[in-house]
Amino acid sequence: MLLTETRRYDIQTKVMDGSSSAPCRIGCNEFVHASITDKDEVMKFAEDCDVITIEIENVSTEALHQLEKEGKKVYPRPATLDIIKNKVVQKDFYRDHKIPTAPYFSFNNAEERTEGLEKCGFNPPFVWKAATGGYDGRGVQIIKNLQDIELLEDVDGLIEEKIDFIAEIAVVTARSESGEIKSFPLVEMEFHPTANFVEYVVCPSEIDKNYHNKAVNLAEEIIEKLNHVGLLAVEMFLTSDGHILVNEVAPRVHNSGHLTIEGNTTSQFDQHLRAILDL
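Everything numeric in this text was worked out from a predicted model, so none of it was measured.

**Some points on the side chain of T239**
At step 1: Within the fold, T239 resides in strand β13 (residues 230-239).
At step 2: Of the polar contacts made by the side chain of T239, one reaches the side chain of D241; its length is 2.3 Å.
At step 3: With sequence-adjacent residues up to four places away left out, T239 is seen in contact with I163, D164, F165, I166 and L245.

**Quick word on the pattern of salt bridges**
At step 1: What the rule picks out here adds up to 14 salt bridges.
At step 2: For the salt bridge of K14 with D48, the shortest nitrogen-to-oxygen distance reads 2.8 Å. On the criterion of sequence distance, the pair formed by K14 in strand β1 (residues 14-17) and D48 in the loop between α3 (39-45) and β3 (51-52) is long-range, its members being 34 residues apart.
At step 3: R95 is paired through a salt bridge with D92; the nearest N and O atoms lie 3.4 Å apart. Of this pair, R95 and D92 are both found in helix α6 (residues 87-96), 3 residues apart, which corresponds to roughly one turn of the helix.
At step 4: What emerges from the salt-bridge pattern is a single network uniting E5, R8, D270 and R274.

**Points about the layout of surface pockets**
At step 1: In this structure, the largest pocket encloses a volume near 1400 Å³.
At step 2: Around the largest pocket, the lining is made up of 46 residues, and of these L2, L3, K14, V15 and T53 lie nearest the centre.
At step 3: Of all elements in the fold, only α1 (2-6), β1, α2 (24-27), α3, β3 and α11 (268-276) reach the threshold of two or more residues within the lining of the largest pocket.
At step 4: By residue class, the composition of the lining of the largest pocket is 26 nonpolar, 12 polar and 8 charged.

**A word on the side chain of T260**
At step 1: By the secondary structure assignment, T260 is in helix α10 (residues 260-263).
At step 2: Residue classification places T260 among the buried positions, given a relative accessible area of 4%.
At step 3: In this structure T260 touches F184, T266, S267 and Q268, once residues within four positions along its chain are discounted.

**A look at the sheet that holds strand β8 (residues 157-161)**
At step 1: Strand order in the open sheet made by the 4 strands is β5-β8-β6-β7, with antiparallel pairing throughout. With one partner strand each, in any of the chains shown, β5 (104-107) and β7 (140-143) form the two edges of the open sheet. Strand-to-strand twist in this sheet, taken as the mean axis angle between neighbours without regard to direction, amounts to 20°.
At step 2: Summarising the sheet, strand β6 (residues 126-130) and β8 pair through 5 bridges and their orientation is antiparallel. Looking across to β8, one finds that W128 is bridged to I159.
At step 3: Along the sheet, helix α7 (residues 110-120) contacts β5, β6 and β8; its crossing angle with β5, the most-contacted strand, is approximately 155°.

**Let's talk about the packing of aromatic side chains**
At step 1: Scanning the model with the defined rule gives 4 aromatic pairs in all.
At step 2: Taking 6.3 Å as the distance between ring centres and 70° as the angle between the ring planes, the aromatic pair formed by F93 and Y94 counts as edge-to-face.
At step 3: Each ring, one from F165 and one from F237, has its centre 5.1 Å from the other, and the planes form 20°; the classification is stacked. Linking F165 in strand β9 (residues 165-175) with F237 in strand β13, this pair joins segments that are 72 residues apart in sequence.
At step 4: Within the aromatic cluster, the residues linked to one another by ring pairs are F105, F107 and F122.
At step 5: Directly above the ring of F45 sits K14, whose terminal nitrogen or CZ lies 4.9 Å from the centroid.

The rules we used
Residues numbered from 1 in each chain as written. Predicted model: local features only at pLDDT ≥ 70, side-chain atom pairs only at ≥ 80, totals over all residues. Heavy atoms only, no water. Helix = DSSP H or I, 4+ residues; strand = E, 2+ residues; numbered from the N terminus. Polar contact = N/O pair within 3.5 Å; in protein donor to acceptor, adjacent residues only side chain to side chain. Contact = heavy atoms within 4.5 Å. Salt bridge = Lys/Arg side-chain N within 4 Å of Asp/Glu carboxyl O. 1 Å grid on protein atoms, 1.4 Å probe; cavity = no way out; pocket = protein on both sides within 12 Å on 5 of 7 lines; lining within 4 Å. Points joined across faces, edges and corners; volume = space filled by probe spheres on them. Nonpolar A, V, L, I, M, F, W, Y, C, P; charged D, E, K, R; others polar. Buried < 20%, exposed > 50% of the residue type's maximum accessible area, 1.4 Å probe, protein only. Pairing = 2+ DSSP bridges. Axes fitted to C-alpha atoms, helices over the stretch in contact; angles between N-to-C directions. Phe/Tyr/Trp six-rings, centres within 6.5 Å; stacked < 30°, edge-to-face > 60°. Lys NZ or Arg CZ within 6 Å of the ring centre and 35° of its normal.

Here you go:
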């Protein structure tokens, strides 16, 4: 979908993917079949690239840091990816920057998880999230009873309060290399009850305009504080008592923005390109 937009610009595209049958092999000028988590492969791939961007966070950030040191333009910035890739680090970032989010505690293993539950007094239902590796509902689980806790993986992660919300909302915003910020209209998201991924996106939203403006302002505050260049999808909860809490962010094109292909003059894919190319 990004490559479809690149054809409208006077640029050459080179794509790296771990699958030899990846759809992107067709739409680009050059395709490289290699692992995006392999530092050496990423370094080799990017040697002749002017601007480097990603389509998923699970990439060798060690390589991206090195490329940035060598003067390459890497967007999103590796330092931003380091924050977002780890859900615990991301949550700590919200806390440290006074960005409203659900109460939580983090842990490194099952023993610390049990101690944290006893100390914080969290009672089911609450939400468990693995620190890394989660994607499209994976690595996230709603714990409905104490028996569910025994089935969790023994990995580092966090447990947060399950928010009593009236809507799950998202704002896709973009920030260019020179600092210009533009946001798409707020959307409401309906999630599949068991798979935990977005099933329906509603836009325009019927949510009160004041909440709309508050959510957009919050998304733009986050993208500024992250010093992020490119597209950022900010998922939020609108609570029953009128507060907006940040759930998590994605530093890339996002499910909540796919409707912009047909619904907006500029799609999220075009907007990402405009941001990283500073157009």
